[in-house]
Every structure is written in structure tokens, then in C-alpha cells.
Amino acid sequence: MASWHSRQVPRPTLLLTGASRGIGHATVKLFYESGWRVLTVSRAAFSSECPWAGGVDDHITADLADPSSYELIAAEVRRRLGGAKLAAIINNAAISPKLADGGRKGVSMTAYEEWLSLFNVNLFSAAMIVRLLLPELRVAGGAIVNVTSIAGSRVHPFAGAAYACSKAALAALTREQAFEFGPMGIRANAIAPGEIDTSILSPGTDALVEASVPMSRLGDPAEIARVMLFLCSNGASYVNGAEIDVNGGQHV
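Residues numbered from 1 in each chain as written. Predicted model: local features only at pLDDT ≥ 70, side-chain atom pairs only at ≥ 80, totals over all residues. Heavy atoms only, no water.

**Q** Whenever I open this one, the layout of surface pockets confuses me. Can you help?
**A** Empty pockets left among the atoms are what a rolling probe the size of a water molecule brings to light. Of the volumes computed, that of the second largest pocket is approximately 480 Å³. Pro-12, Trp-36, Ala-87, Ala-140 and Asn-234 are, among the 18 residues lining the second largest pocket, the residues nearest its centre. (1 Å grid on protein atoms, 1.4 Å probe; cavity = no way out; pocket = protein on both sides within 12 Å on 5 of 7 lines; lining within 4 Å. Points joined across faces, edges and corners; volume = space filled by probe spheres on them.)

Written out as C-alpha cells, the structure reads:
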């Protein structure tokens, strides 16, 4: 079977925030291998450890904690599209502040400035970047995927209060986007990961997995990426407003 790379047809373009590690890294690799062009956004500059062609040219370095970056990102995406359609946006960027010893930060431990910075990254950027790029999504009949969390629906032993609240709000934003943009031909869905094997796992995760995950193992970032690819494909053409749990049964 011929690949996208060998066909004389335009590649679909994805905008992915939070692309520099873990789930984001796996997502870029899978979409690229599946024939997509991926525009990436993260605070870090493009790393030579990222193995896909065109990565340097398609990376945008920006801090989503700064709201003034949103219009700049949208303008840069529009410039790099060069009139092409934007087939999907995946809002994956997130921060989760911890105590000095790695423990979770409760409500009483979290200053207003931390709440604001976290919500800028985890929620407001997902609302504003989509809003600013809505014309490009609409002409493509594109897809939005928001990465929420199991922590958005229950108190989690490691994820802090502000993080959990931001993910619950992101689930609500997904429903609002699905309702508002569905008539435009744009689908909006969310993925709620559980315990995924990344570099930012908290101490004690192994015990949590053993006690609460029926499949008795961590998830692989590629297992999240595969669900994202499905939600951005025509195979999910009637999936709108869903939040899909990808956690080995931890939510049951």
C-alpha cells in the first residue's frame, strides 16, 4: 500500500501543543509516520533527539503560561500553513506543580499566581488557540482533541488541586466546543489518560498501579497517541463531545 509520503496529495496538518516529551513526543512520531505534517508548540526549543524530518522547521517555541503568546502562535501557524487547511488541533500541553519533596499541592498550598499560570497553560490556551484558528479548522472540517486526565474526575494521590480543577474544566470546554462547533463540521473530543509511563511519574506510582489498575501495568504513551490518531481520522467522523478514558480500567 502506498504511503502518504509517496502520493501526490497534500498531507493533513496537525497543530500539537506540549510536544517535547512523553505523550506529545509519541504523538508527533505516530502522526508523522501516518503521513501527517505536525506543527509543534512547546516552551523548549526543538531537540535533536526528536527523530522526524522537518521537525526544526515545523516547531514553534512559545510559553503558553503567557496569554500574549496565543495570537503570536496563531499568526505563526497561519503563516506556516501557507493557505493549507488545518485538519486538527491537539491540546496536550499541561503543567502540574509539586511540593519540594514531589508531593501533591492542595488548595491551601497553592497561591493565586500558580493557579493562574497553570490555568493559562492547561485550559485557557486550549480555548484561545482554537478560537483564533477556527477559520482554518472550519474549512478543513477539522478535529479538536483535548487531553484531560483521570484526575479531573476524582481526587488523585499525586496530581494537585489546581491541576485536577483545570482538567475538569477542560472536559467541560470539550463539551462546549463540541456543541458550538459541531454545526460547523468540527468535532471536539477529549482523552483522559491514567498512569502513563513517562519521565514525570511520581514516586509511589507502581503501588498505585498495582492497587487500582485492573490491567496491572502503566500505559505506554503510544497507546494514547493511537487514540488521538483515531479521533482525528475519518473513522471517528460521528464521534463528538466524548471523553475517552485510556487508563487500563482505572476509572471503573
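**Q** Just checking my understanding: could you explain the pattern of salt bridges for this structure?
**A** Side chains that differ in charge, positive against negative, can pair when their charged atoms come close. Inspection of every chain in the model, using the stated rule, returns five salt bridges. Where Glu-76 meets Arg-79, a salt bridge forms, and the shortest distance between an N and an O atom there is 2.6 Å. With Glu-76 and Arg-79 both in helix H2 (residues 69–81) and three residues apart, this pair spans about one turn of that helix. Taken together, the shared-partner salt bridges in this structure form one network comprising Glu-76, Arg-79 and Arg-80. (Salt bridge = Lys/Arg side-chain N within 4 Å of Asp/Glu carboxyl O. Helix = DSSP H or I, 4+ residues; strand = E, 2+ residues; numbered from the N terminus.)

**Q** Sorry if this is basic, but what is going on with empty space enclosed by the protein here?
**A** Counted under the stated rule, the structure contains one cavity of 30 Å³ or more. Along its surface, the largest cavity is lined by Ser-96, Pro-97, Lys-105, Thr-110, Leu-118, Gly-160, Ala-161, Ala-162 and Tyr-163. Top element by residues in the lining of the largest cavity is helix H5 (residues 161–181). It accounts for three residues. Residues of the lining of the largest cavity, tallied by class, amount to five nonpolar, three polar and one charged. (Nonpolar A, V, L, I, M, F, W, Y, C, P; charged D, E, K, R; others polar.)

**Q** Got a minute to help me understand the nonpolar core in this structure?
**A** Core analysis: the largest hydrophobic core is formed by 27 residues, its most contacted members being Leu-14, Phe-31, Trp-36, Ile-90, Ile-191, Met-228 and Cys-232. When contributions to this core are tallied by element, the ones reaching two or more residues are strand S1 (13–17), helix H1 (22–33), strand S4 (88–91), strand S5 (143–147) and helix H7 (221–231). For this core, the element with the highest residue contribution is H7, accounting for six residues. For Ile-191, the contacting residues outside a window of four places in its chain are Val-145, Asn-146, Val-147, Thr-148, Ser-149, Ile-224, Val-227, Met-228, Leu-231, Ile-244 and Val-246. Listed in part, the 26 residues of the second largest apolar core include Leu-39, Ile-60, Val-121 and Ile-186. (Core = buried A, V, L, I, M, F, W, Y, C linked by side-chain atoms within 4.5 Å. Buried < 20%, exposed > 50% of the residue type's maximum accessible area, 1.4 Å probe, protein only. Contact = heavy atoms within 4.5 Å.)

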